[in-house]
There are 2 protein chains.
Amino acid sequence: MSVRQMKFGLFLMGVGHHIAAWRHPDVRPEWCEDFTFFRRIAEIAEQGKLDMLFVSDGLAIEPLSHPAEIVRLEPFTLLAALAAVTNRIGLAGTASTTYNEPFHIARKFSSLDHISRGRAAWNIVTSYYEEEAYNFSQTAHLEHRLRYERAREFVDVVNGLWESWDEEALIRDQSSGIYFHAEKWRPLNHHGTHFSVRGPLNSSRPPQGKPVLIQAGSSQDGIRFAAHVAEVVFTAQSTLTDAQRFYQTVKQEAARAGRNPDHILIMPGVAPYIGRTEQEAREQYEQLQELIVPEVGLAFLSDYLGGIDFSGYSLDDPLPDDIPETNGNQSRRQLIIDLARRERLTIRQLYQRIAGARGHFTIIGTPEQVADQLEYWFLQGAADGFNLMFPYYPNGLQSFVEHVIPILQKRGLFRRNYEGTTLRDHLGLPVPKSIRV
Amino acid sequence: MSVRQMKFGLFLMGVGHHIAAWRHPDVRPEWCEDFTFFRRIAEIAEQGKLDMLFVSDGLAIEPLSHPAEIVRLEPFTLLAALAAVTNRIGLAGTASTTYNEPFHIARKFSSLDHISRGRAAWNIVTSYYEEEAYNFSQTAHLEHRLRYERAREFVDVVNGLWESWDEEALIRDQSSGIYFHAEKWRPLNHHGTHFSVRGPLNSSRPPQGKPVLIQAGSSQDGIRFAAHVAEVVFTAQSTLTDAQRFYQTVKQEAARAGRNPDHILIMPGVAPYIGRTEQEAREQYEQLQELIVPEVGLAFLSDYLGGIDFSGYSLDDPLPDDIPETNGNQSRRQLIIDLARRERLTIRQLYQRIAGARGHFTIIGTPEQVADQLEYWFLQGAADGFNLMFPYYPNGLQSFVEHVIPILQKRGLFRRNYEGTTLRDHLGLPVPKSIRV
């Protein structure tokens, strides 16, 4: 029985996760659409033996959202390009079930899995911006519950399409001229509420059996959905207690759904600021916080809180009591409100805190201190690994790989080398059997 | 004024364009989903200074179609991966306007154009297989005329989305904290018959202004569409006279649509068999023809002719008179019927001819003979260049690059080096201005 070790995802979000990352003097803001930048990041991450790269996504822009969400490279094209210049690291991309067709998604992830020889993962999202609807001939965003209903059916169809071909279906016997066994080829013939899809997929069985499935919704619907289908869960948790509670809930829900809880990995986001001294790390943090443009921080906070209008308030006022409901990301909204109440933050303090790590676990300290904190969460039942959200690139990642990873390796908490070749190998997830029930 | 030179596209169709390519002893049939194979092909093509790689596509499989159309890599992922390992060659991918959303298509091609630094092209198709409908929750394929109507609107929307951002819109001024000029950002606010798309695109202006637009329909609707929007036209022409007529028609239609006819390049497909002697080339051809499995050739022919049932006929009978109408590819159907009548072919001879080059211009000979034929079509007003469809890979391509390209270079008919860095540079196509009317 091998020792349990941490898993790491690397969150590629433009030039950094911090909202002011693009203003940092070590950063060139145009890197956000520069493939050579992402290639460099991927190479460093692979040197560090990280499990996977992760690309978020959205299908619309907000005039005042995170700069990394204004213009950006599209996940399938970015990850496929990275597949060609890396060898081991996993490649996780976000795709919405609300504004896509299951055939396209099944096929692109299967193709990415073939190109990367088994390193693809799909982060399943249901989309939260109302604005996305307007780019897809819809007059309104699909209601929260219906989005999840559609997502469940969508994932069923995608799973079915990935099983279109048995492992031995394509025999390609050059002498007899038989290309495939028709009886090992399975149309899907799905007729559901949201989709009718005949299949089969025009892509053979993915090298991983199926790409790894990731989910990040922390609402009730989101957790139930994750418990049924996800193999990795990304989550924003700012305190150990909350993280432990979330961890317990998801593992229990998964067991209740008849799944092995070890096959659903919980990976909270973490924003590490690493310095040679704690003071240096703290200065790094403060430097970025001071670069936040007030209008941007405020608009950002407003957006996360469902469009609340702060014009009648001073930045030194506390957060108003009546925060409007939103059809967007429910769990994030609640996280922010809880944070403001708990620490009695002013509006200015709140937007600085939110814009900094946006509800994620923040660690500020030396490599030892960062390693200690990760170890603590990992051993205290709060995490199976972490989604690393460096404030700005490549420096944060470079420090982590050079200084934190070796400490974790010495403690036996992280691999010294990739044990296998696929993302399922790295994450210790089972390969689905080649038979559809 | 520079001398007019040929343009070359390289048609990547599995392990070769010939239907029996996968049975050739020099070929490994599983290469069709092996990225390292395509990488090798791309590298040879770039050594040959070819203009672009071209990937066809479809969104369903037929049990008895071309093996390269059963399982295959998806174009966006394949081309993005190739972008990362090549430097100059153009990357053209097929995407259907019938089973896609314009926002996704605009974005993925823009992203591919960014990743490749200006080498993306979109081959616009309207889809012809009835089966594609069943994978996208439709009960029937959209009728031919409506497909083109939708395609026109689709391309308008995509063009509009590519113009979402002025060249100087994203200033990203680190000192002031201003990321972009809101007045140089343009929502689209399109409300049409088939689509409502607000925009803007979450991708900045593509390096080429817009990716190159390619079209291949040779029906009346197809030609009219091409004349309005296409910058490159792929076409299947088996005789010089037909090719000249087609060339004239498209150029005239383009002029009538107010366009400069030099900005729409006609590139017929060509299947070259190259040998040290004509005899050797002929043997190469015969070897492949003999590898065609009769059932496959027949089913293939039937499919191209709209599902005609050959069970009542002998393979030595002539083609029956009453070929059913089809909602599929009209021009290809007519090409095949004309060929059978003109050369009085039996059913067997016809499927062998069709399966071999499928209505495309075939050249069998020495490097000199191949160069002569290409030059003749090029100078006789039948082509601005060619879409190279090698019967099997990599041998055909390797011979062409080593032996035919140098002859064309010596004659001044083809570049010795890439003059620029983008596909528009290679093709001599103008970069659209950064202003929307």
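Up top is the structure these notes are about.
Calculation rules
Residues numbered from 1 in each chain as written. Chains lettered and ligands numbered in written order. Predicted model: local features only at pLDDT ≥ 70, side-chain atom pairs only at ≥ 80, totals over all residues. Heavy atoms only, no water. Helix = DSSP H or I, 4+ residues; strand = E, 2+ residues; numbered from the N terminus. Rg over C-alpha atoms; globule rule 2.2 N^0.38 Å. Buried < 20%, exposed > 50% of the residue type's maximum accessible area, 1.4 Å probe, protein only. Contact = heavy atoms within 4.5 Å. Buried area = accessible area lost by both parts, 1.4 Å probe. Polar contact = N/O pair within 3.5 Å; in protein donor to acceptor, adjacent residues only side chain to side chain. Least-squares fit on C-alpha atoms with pLDDT ≥ 70 in both. Pairing = 2+ DSSP bridges. Salt bridge = Lys/Arg side-chain N within 4 Å of Asp/Glu carboxyl O.

*Asks:* Give a detailed account of the overall build of chain A, specifying residues and quantitative values.
*Replies:* Secondary structure assignment for chain A yields 14 helices and 11 strands. The C-alpha radius of gyration computed for chain A amounts to 22 Å, which stays within 12% of the reference 22 Å derived for 437 residues, consistent with globular compactness. By principal-axis analysis of the C-alpha atoms, chain A measures approximately 75 × 55 × 45 Å. Within the span of chain A, comprising 437 residues, buried residues form 63% of the whole. Sequence separation of 24 or more characterises 76% of the internal contacts of chain A that already satisfy a separation of 6 or more.

*Asks:* I'd like a description of the interface of chain A and chain B, backed by residues and values.
*Replies:* Counting from both sides, the interface comprises 74 residues of chain A and, opposite them, 74 residues of chain B. Carbon and sulfur atoms supply 58% of the area that chain A and chain B bury against each other, a total of about 6200 Å² over both sides. Where chain A meets chain B, there are 36 residue pairs in polar contact (both at pLDDT 80 or more). Mapped onto the side of chain A that touches chain B, the elements with two or more residues apiece are α1 (35-47), α2 (75-85), α3 (102-115), α4 (130-134) and β6 (196-197) of chain A.

*Asks:* Residue-level account of the relation of the copies chain A and chain B, with values.
*Replies:* Note: a rotation about an axis with an accompanying shift along it relates these two copies of the chain. Between the two copies, chain A and chain B, the superposition gives an RMSD of 0.0 Å; the rotation angle is 180 degrees and the shift along the axis is 0.0 Å. Taken together, the rotation and translation describe the operation of a two-fold axis. When each C-alpha of chain A is compared by its distance to the rotation axis, Ala81(A) comes out closest, at 2.0 Å. Mapped onto chain B, 100% of the interface residues of chain A are again interface residues, and the two copies thus contact each other with one and the same surface.

*Asks:* Help me get a handle on the environment of Ala80(A), residues and values and all.
*Replies:* The topology assignment puts Ala80(A) in helix α2. Using a relative accessible area of 0% as the deciding quantity, one classes Ala80(A) as buried. Considering only alpha carbons, one finds Ala80(A) and Thr362(A), 282 residues apart in sequence, at a separation of 31 Å. Ignoring any residue separated from it by four or fewer positions in sequence, one finds Ala80(A) in contact with Leu112(A), Thr77(B), Ala80(B) and Ala81(B).

*Asks:* Quick one: what's the story with the pairing of strand β11 (residues 385-388) of chain A, residue by residue and with numbers?
*Replies:* All names here are of chain A. Burial of β11 is two-sided: the residues Gly385 and Asn387 facing one way and the residues Phe386 and Leu388 facing the other way are all buried. Inspection of the sheet shows strand β1 (residues 7-12) paired to β11 by 4 bridges, in the parallel sense. Within β11, the position partnered with leucine 10 by the bridge is leucine 388. The sheet contact formed by strand β9 (residues 265-274) and β11 spans 2 bridges and is parallel. When the bridges of β11 are listed, glycine 269 appears paired with asparagine 387.

*Asks:* Kindly report on the pattern of salt bridges, identifying the contributing residues and their values.
*Replies:* Two side chains of opposite charge can pair, provided their charged atoms sit close to one another. Inspection of every chain in the model, using the stated rule, returns 44 salt bridges over all chains. We note a salt bridge from Glu74(B) to Lys108(A), for which the minimum N-O separation is 3.6 Å. Separated into two different chains, Glu74(B) in the loop between β2 (52-55) and α2 (75-85) and Lys108(A) in helix α3 make up a pair that spans both. One salt bridge connects Asp384(B) with Lys251(B), and the closest N-O pair in it is separated by 2.9 Å. Of this pair, Asp384(B) sits in the loop between α12 (367-379) and β11 (385-388) while Lys251(B) sits in helix α7 (residues 240-256), and the two are 133 residues apart along the sequence. Counted as one network, the salt bridges with shared partners bring together Glu368(A), Asp372(A), Glu375(A) and Arg411(A).

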